[in-house]
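The chain contents come next:
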Amino acid sequence: MLILALDTSSQNLGLALVKDGQLLAERSLVAGFKHSLTLLPQLEELLTVAGVDFSALEAFAVTTGPGSYTGIRIGLATAKSWAWQTDKPLYAFSSLALMLAPYRAMDAFFLPALDARSGRTFSCLYRGGQRLLPEANRYGQDLMADLKALFYLGRKSTPTLYLLGDGAPAIQAAYDQDPEAAQHFALEILDPSVASLRPYYLGLLAQEAADRGEKPSWQEAAANYCAPTQAERVRLEHLAQVQIRPAGLEDLDTIHQIERAVFSTPWSRKALTHQLSPENRDAKLFLIYLPQVGGQTEKAERVEDQTQSTEEILGYGGYYLHVDEAEILNIAILPDHRHQGLGQKLLAGLMADAKSQGAQRLTLEVRKSNEAARKLYANQGFLPCGERKNYYDKPREDALILEAQL
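Okay, the overall build of the protein chain next. Regarding its fold elements, the protein chain presents 12 helices and 17 strands. Taking 2.2 N^0.38 as the reference for a compact globule, 406 residues should give roughly 22 Å; the C-alpha atoms of the protein chain span a radius of gyration of 28 Å, well beyond that estimate. With the principal axes as the frame, the protein chain shows a C-alpha extent of 75 × 55 × 45 Å. Buried residues in the protein chain amount to 47% of all 406 residues. Once local pairs closer than 6 in sequence are excluded, the contacts in the protein chain between residues at least 24 apart make up 66%. Accessible area for the protein chain stands at about 20000 Å²; split by element, carbon and sulfur atoms hold 49% of it. Computed over 40 positive and 49 negative side-chain charges, the separation of the two mean positions in the protein chain equals 2 Å.

Put into structure tokens, the structure is as follows:
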């Protein structure tokens, strides 16, 4: 099998052509994190040197991380597009597993590590191909604690752990600063660089998987960051600040505008007025919002006439209470704020409030085609319990009835 292997998980760009386990050509370029500029020219040179046409490739192999977030995305997106266009298998492996590949059959302790900056490393521990510590983004002192717990005092001998990768200096520094570590284990640096991420071994791992009969699709390959990306950290920080409060008649205009922005058949002002009326004690509506330090933000002004100038309204939801059973009326998140976990947080808040009001069961309707909403509800324990034919308009569609026990 002719395999093209690609690694972009570090500042080293690695490409290799491997046929039936034998290396045909290999390129490694340490040029910083410039993979978007160097990848395709290096590939062209590799194919030219090997005398191989791209159409002759039979499979692809790629690293999924951990490592550089941008590098991982570039490598994965490129390899997945190749595999999709050619309908060929895509073999995906951890960058730490790649680093270990030359030593995977040896009965010794290996600690592959990539530098994650600020005293942290992407690291794990293997012996004879078996992983003893999971891949994680750790501070040096945390890794020392994990290793000391694994290699307890009183063992017959003090094992030696062999360090691989550019995270080795950070781990060695943490080891030297820990007065107890040497009593538990010794360290020896084998290769303190990213040169150990040889793409040839990535192709070899793919060949071994192919020999076992594996034929993975490009759709199965997923990034392994071992830590939230910057965007994910911002999202989590944002979500932690979000709050939920009961809505009243003073919020009528805001909720009506959310309805019009989200739904093809929004509720009328008359219907919303009835739901928000103080006399209607069974309807419970809530706003989800982001508190502002002062004044409206640009985003907040997109929903006009907000009654609270210190709130950025993100959406609303509500339920109707029937003795010990509640029914979700609506969950609506403004388009600019979707895919941030807000719907999940709002639904969890509605469920908690309904339970506090004595509800034991919660039901709702959802379009059959609304996969995102169905996934949201499934994550909160909702299960199908029926259907309503032609329940929705614009377009006409059946509704699934879902229920959850509170």
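Take the pairing of strand β3 (residues 22-30) next. As paired strands, strand β2 (residues 12-19) and β3 are joined by eight bridges and run antiparallel to one another. Looking at β3, one finds that L17 is bridged to A25. What sits between the antiparallel neighbours β2 and β3 is a turn of two residues, in which D20 has the positive phi angle 50°.

Moving on to the confidence of the model for the protein chain. Looking at the protein chain, the pLDDT average stands at 89 and 93% of residues meet or exceed 70. In this model residues 294-308 is a low-confidence stretch, pLDDT under 50, and it forms 28 contacts with partners more than four residues away in sequence or in other chains.

Once that is clear, we can look at the pattern of salt bridges. For the structure shown, the criterion picks out 21 salt bridges. For K389, the salt bridge goes to D398, with nearest N and O atoms at 3.5 Å. Here D398 falls in the buried class, since its relative accessible area comes to 16%. A cluster of three or more residues bridged by salt bridges with shared partners is formed by K368, E387, K389 and D398.

Okay, the packing of helix α1 (residues 35-50) against helix α2 (residues 69-86) next. Following both chains from N to C, one finds α1 and α2 inclined at 40°, their axes separated by 10 Å at the closest point. Relative to α2, the element α1 lies oblique. In this structure, α1 meets α2 at a crossing whose hand is right-handed. Between α1, through H35, S36, L39, L40 and L43, and α2, the contact on the second element is made entirely by G71, I74, T78 and W82. When grouped by side-chain class, the residues that make up the contact of α1 with α2 number five nonpolar, four polar and no charged.

So, about the state of the cysteines. Under the criterion given, the structure shown has zero disulfides. The thiol of C226 is not disulfide-bonded; the next cysteine sulfur, from C124, is found 8.3 Å away. On the accessibility criterion, C226 (24% relative accessible area) is partly exposed.

Now for the environment of G203. Its place among the elements puts G203 in helix α7 (residues 199-211). A relative accessible area of 0% places G203 in the buried class. Each C-alpha atom, one on G203 and one on I3, is 6.2 Å from the other, the two residues being 200 residues apart in sequence. Those residues in contact with G203 that sit more than four places away from it in its chain are I3, A5 and V18.

It is worth spelling out the sheet that holds strand β11 (residues 243-246) at this point. The seven strands are arranged β11-β12-β13-β14-β15-β17-β16 in an open sheet whose pairing can be described as mixed. Each of the sheet's edge strands pairs with one partner strand only, and the pair in question is β11 and β16 (383-392). When strand polarity is set aside, the average angle formed by the axes of neighbouring strands in this sheet is 30°. As paired strands, strand β13 (residues 311-322) and strand β14 (residues 325-333) are joined by eight bridges and run antiparallel to one another. Bridging from a neighbouring strand, G315 pairs with I333 of β14. Across the face of the sheet, helix α10 (residues 269-276) comes into contact with β12 (283-291), β13 and β14 while running at roughly 95° to β12.

Once that is clear, we can look at unusual backbone geometry. Here G65 and P66 are connected by a cis peptide whose omega angle stands at 5°. Structurally, P66 is set in the loop between β4 (59-63) and α2. Across the junction of K394 and P395, the peptide omega takes the value 0°, indicating a cis bond. Relative to the elements of secondary structure, P395 occurs in the loop between β16 and β17 (397-405). One non-glycine residue, D20, adopts positive backbone phi at about 50°. When you line up the elements, D20 lands in the loop between β2 and β3. You can call D20 partly exposed: its relative accessible area is 48%. One non-glycine residue with positive phi stands out, namely D87, at about 55°. Residue placement: D87 occurs in the loop between α2 and β5 (90-93). On the basis of relative accessible area, D87 is assigned to the exposed category, the value being 69%.

Note on sheets: strands pair through backbone hydrogen bonds, and any given pair is parallel or antiparallel. As summarised here, the arrangement of the five strands in space is β8-β7-β6-β9-β10, forming an open sheet in which the pairing is mixed. Either end of the sheet is taken by a strand with one partner, and the two such strands are β8 (130-139) and β10 (186-191). Neighbouring strand axes in the sheet, compared pairwise and without regard to direction, differ in orientation by 25° on average. Judged from the six bridges that link them, strand β6 (residues 109-117) and strand β7 (residues 120-127) form a sheet pairing that is antiparallel. Paired with F110 across the bridge in β7 is Y126. Its contacts with the sheet put helix α5 (residues 168-177) on β6, β7, β9 (160-164) and β10, and the angle it makes with β10 is roughly 165°.

Procedures and definitions
Residues numbered from 1 in each chain as written. Predicted model: local features only at pLDDT ≥ 70, side-chain atom pairs only at ≥ 80, totals over all residues. Heavy atoms only, no water. Helix = DSSP H or I, 4+ residues; strand = E, 2+ residues; numbered from the N terminus. Rg over C-alpha atoms; globule rule 2.2 N^0.38 Å. Buried < 20%, exposed > 50% of the residue type's maximum accessible area, 1.4 Å probe, protein only. Contact = heavy atoms within 4.5 Å. Areas by Shrake-Rupley, 256 points an atom, 1.4 Å probe, with all protein chains shown as cover. Lys, Arg positive; Asp, Glu negative; His and termini not counted. Charge placed at Lys NZ, Arg CZ, Asp CG, Glu CD. Pairing = 2+ DSSP bridges. pLDDT = per-residue confidence, 0-100. Salt bridge = Lys/Arg side-chain N within 4 Å of Asp/Glu carboxyl O. Axes fitted to C-alpha atoms, helices over the stretch in contact; angles between N-to-C directions. Parallel < 35°, antiparallel > 145°, perpendicular 65-115°, else oblique. Left-handed = near helix turned anticlockwise from the far one by under 90°. Nonpolar A, V, L, I, M, F, W, Y, C, P; charged D, E, K, R; others polar. Disulfide = S-S within 2.5 Å.

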